[in-house]
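Each chain is listed here by its residues.
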2 protein chains.
Amino acid sequence: MSVGHTGVTTEPVVSCGDEHEDCGIREVLDRIGDKWSVLVVVELAQGVRRFRQLQRAVPGISQRMLTLTVRRLERDGLVTRTVHPMVPPQVEYELTAMGHSLTYLVKALTDWSAEHRDAIAQARQEWDAAYPDSGIR
Amino acid sequence: MSVGHTGVTTEPVVSCGDEHEDCGIREVLDRIGDKWSVLVVVELAQGVRRFRQLQRAVPGISQRMLTLTVRRLERDGLVTRTVHPMVPPQVEYELTAMGHSLTYLVKALTDWSAEHRDAIAQARQEWDAAYPDSGIR
DNA sequence: CTGCATCCTGCATGATACTG
DNA sequence: CAGTATCATGCAGGATGCAG
């Protein structure tokens, strides 16, 4: 598509070297990189959960954010939402097969975290000691 | 707390079952969950990079955000920053051992992404078709 | 109980200009 | 080239009230 002639003709060859610019990392990160999705998935990994159960299980999440989070997960095919027509209403959320596969990724995350948490904490302490007023956090 | 008598007395047994409320997932996510860190790490996985190199390799990132990102990575002990006193200035960034270990996690991310990207896209299409005006995105 | 609508705020990010 | 400083802003997320 008419790359031009400014010398910017060289392809970036960016990223992990197997795909386009960002591999598709952004896709996953935009999924699970938000504040609550992973925590909800983790809870659902235990089994079927109702709305209130989820909210209680994920301390700090607001009704609004829980609704948004499960809706997005549902939209992405990671979670199913089952409405039982009764009063009071009962809605159950459950991981799909794809949702379950995500839990393995989450496992990798927690493993890495557990493994390096101390080292990171120490690195930070040292950095903060070296540059007390850096403004970085 | 007075759980009541509605049958919801079962303990949540929250999370991944090995730690407190959020396992520590938040820690990693707060690291790599931001918009640029992972992309920078991916690029640095290729080898030593200078500031401008990084900026060119990560299309769309601003000078400001690149600075912030590498500073944070440095603070966390994931990246080293080496200043070569010369003119024009030359600063090199390189992954630490811990930084390299992160790339394996990133690999898991990209793998999962590649594997489920299509399914997610399809699920979304179907969902959007079913609920055109949901407002969810 | 489940969920949507509304309002409000802070923070992450972006744009731009300036410095060594 | 490699930053720092400043200002602007969009959107994620929190709080609250109402509805089925």
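Basis of the calculations
- Here the residue numbers are simple positions, counted from 1 along each chain's written sequence.
- Each chain is given a letter, starting from A, and each ligand a number, starting from 1, according to the order in which they appear as written.
- The model is predicted, so local features are restricted to residues of pLDDT at least 70 and side-chain atom pairs to those at 80 or more, both for listing and for counting; the totals for chains, interfaces and linings are taken over all residues.
- Hydrogens and water molecules were not included; the side-chain quantities draw on all heavy atoms of the structure.
- Strands here are runs of E lasting at least two residues and helices are runs of H or I lasting at least four, both read from the DSSP assignment and numbered beginning at the N terminus.
- A helix's residues, less one, multiplied by 1.5 Å, set its expected span.
- Fitting axes to the seven residues that end at a residue and to the seven that start at it, the angle between those axes gives the bend at that residue.
- Note on definitions. A residue lies near a molecule or strand when any single heavy atom of the residue is within 4 Å of it.
- Whenever two N or O atoms come within 3.5 Å, that pair is a polar contact, provided that in protein one can donate a hydrogen and the other can accept it, and provided that, for residues adjacent in sequence, both atoms are side-chain atoms.
- Here the term buried applies to any residue with accessible area under 20% of the maximum for its type, exposed to any over 50%, and partly exposed to those in between, with areas from a 1.4 Å probe on protein chains only.
- When checking whether two residues touch, look at their non-hydrogen atoms; a contact exists if any pair is within 4.5 Å.
- We place the copies in one frame by least squares, fitting the C-alpha atoms of every residue whose pLDDT is at least 70 in both.
- When DSSP finds two or more bridges between two strands, those strands count as paired.
- Only the contacting stretch of a helix is used when fitting its axis, a line to C-alpha atoms as for every element, and angles between N-to-C directions run 0 to 180 degrees.
- For this document, the term salt bridge refers to a Lys or Arg side-chain nitrogen within 4 Å of an Asp or Glu carboxyl oxygen.

As recorded by an unreviewed UniProt entry, chain A carries the name Transcriptional regulator, HxlR family and is attributed to Actinacidiphila rubida.

Novice: Whenever I open this one, helix H5 (residues 97–130) of chain B confuses me. Can you help?
Specialist: Along an α-helix, residues three or four positions apart point the same way, because every turn accommodates 3.6 residues. End to end, H5 of chain B covers 48 Å across 34 residues, agreeing with the expected 50 Å (1.5 Å per residue, within 8%). When the local axis directions of H5 of chain B are compared, the greatest deviation, roughly 50 degrees, occurs at His116 of chain B.

Novice: Help me out: how do you make sense of the protein's contact with DNA strand C in this one?
Specialist: Residues in contact with DNA strand C amount to 19 residues; listed here are only the nearest, Arg52, Thr67, Arg81 and Tyr93 of chain A together with Arg64 of chain B. Counting only the atoms of DNA strand C within 4 Å of the protein, the fraction contributed by sugar and phosphate is 66%. Arg81 of chain A is positioned such that a nitrogen or oxygen atom in its side chain is 2.3 Å from a phosphate oxygen of DNA strand C. A distance of 2.6 Å separates a phosphate oxygen of DNA strand C from a polar atom in the side chain of Tyr93 of chain A. If you list the elements that add at least two residues to the surface near DNA strand C, you get helix H3 (51–57), helix H4 (63–75) and strand S3 (90–95) of chain A together with helix H4 (63–75) of chain B. Of all the elements, H4 of chain A adds the most residues to the surface near DNA strand C, at four residues.

Novice: For this particular structure, what's the right way to read helix H1 (residues 25–32) of chain B?
Specialist: The element H1 of chain B is largely enclosed, with a buried count of six among its eight residues. The set of residues buried in H1 of chain B consists of Ile25, Arg26, Val28, Leu29, Arg31 and Ile32 of chain B. Against the buried residues of H1 of chain B lie helix H1 (25–32), helix H2 (37–44) and helix H5 (97–130) of chain A together with helix H2 (37–44) and H5 of chain B.

Novice: How should I be thinking about the relation of the copies chain A and chain B in this particular structure?
Specialist: These two copies of the chain differ by a rotation about an axis and a displacement along the same axis. Aligned on chain B, chain A shows an RMSD of 0.1 Å; the corresponding rotation is 180 degrees and the shift along the axis is 0.0 Å. Taken together, the rotation and translation relating the two chain copies correspond to the operation of a two-fold axis. Of the C-alpha atoms belonging to chain A, the one lying closest to the rotation axis is found on Gly33 of chain A, 2.3 Å away. When you check the interface residues of chain A against chain B, 95% turn up at the interface there too, and the contact is symmetric in its surfaces.

Novice: Explanation requested: the protein's contact with DNA strand D in the structure shown.
Specialist: Contacts to DNA strand D come from 20 residues, most closely from Arg64 of chain A together with Arg52, Gln63, Arg81 and Tyr93 of chain B. Counting only the atoms of DNA strand D within 4 Å of the protein, the fraction contributed by sugar and phosphate is 65%. Within the side chain of Arg71 of chain B, one N or O atom sits 3.4 Å away from a phosphate oxygen of DNA strand D. Tyr93 of chain B places a polar side-chain atom, nitrogen or oxygen, 2.5 Å from a phosphate oxygen of DNA strand D. Those elements giving two or more residues to the surface near DNA strand D turn out to be H4 of chain A together with helix H3 (51–57), H4 and strand S3 (90–95) of chain B. Considering each element in turn, the surface near DNA strand D owes the most residues, four residues, to H4 of chain B.

Novice: Quick question: what am I supposed to make of the sheet that holds strand S1 (residues 49–50) of chain A here?
Specialist: Strand pairing in a sheet relies on backbone hydrogen bonds. The paired strands run either parallel or antiparallel. All names here are of chain A. What the three strands build is an open sheet, ordered S1-S3-S2; its pairing is antiparallel. With partners counted over all chains shown, the strands left at the sheet margins are S1 and strand S2 (79–84), one partner each. Looking at chain direction, S2 and S3 are connected through six bridges and run antiparallel. Directly across from Val83, in S3, lies its bridge partner Val91. The strands that H2 touches are S1, S2 and S3; relative to S3, the one it contacts most, it runs at about 95 degrees.

Novice: It is not clear to me how the pattern of salt bridges should be interpreted in this structure. Could you clarify?
Specialist: Pairing between side chains becomes possible if they bear opposite charge and their charged atoms approach one another. One pass over the structure, following the stated rule, counts 14 salt bridges over all chains. A salt bridge links Arg117 of chain A to Glu27 of chain B; its shortest N-O distance comes to 3.2 Å. Note that Arg117 of chain A is positioned in helix H5 and Glu27 of chain B in helix H1, a pairing that runs across two chains. Glu43 of chain B is the salt-bridge partner of Arg49 of chain B, the closest N and O atoms lying 2.6 Å from each other. The same class applies to Arg49 of chain B and to Glu43 of chain B, which are both buried. Overlapping salt bridges, with partners in common, bring together Arg31 and Asp76 of chain A together with Arg124 of chain B in one network.

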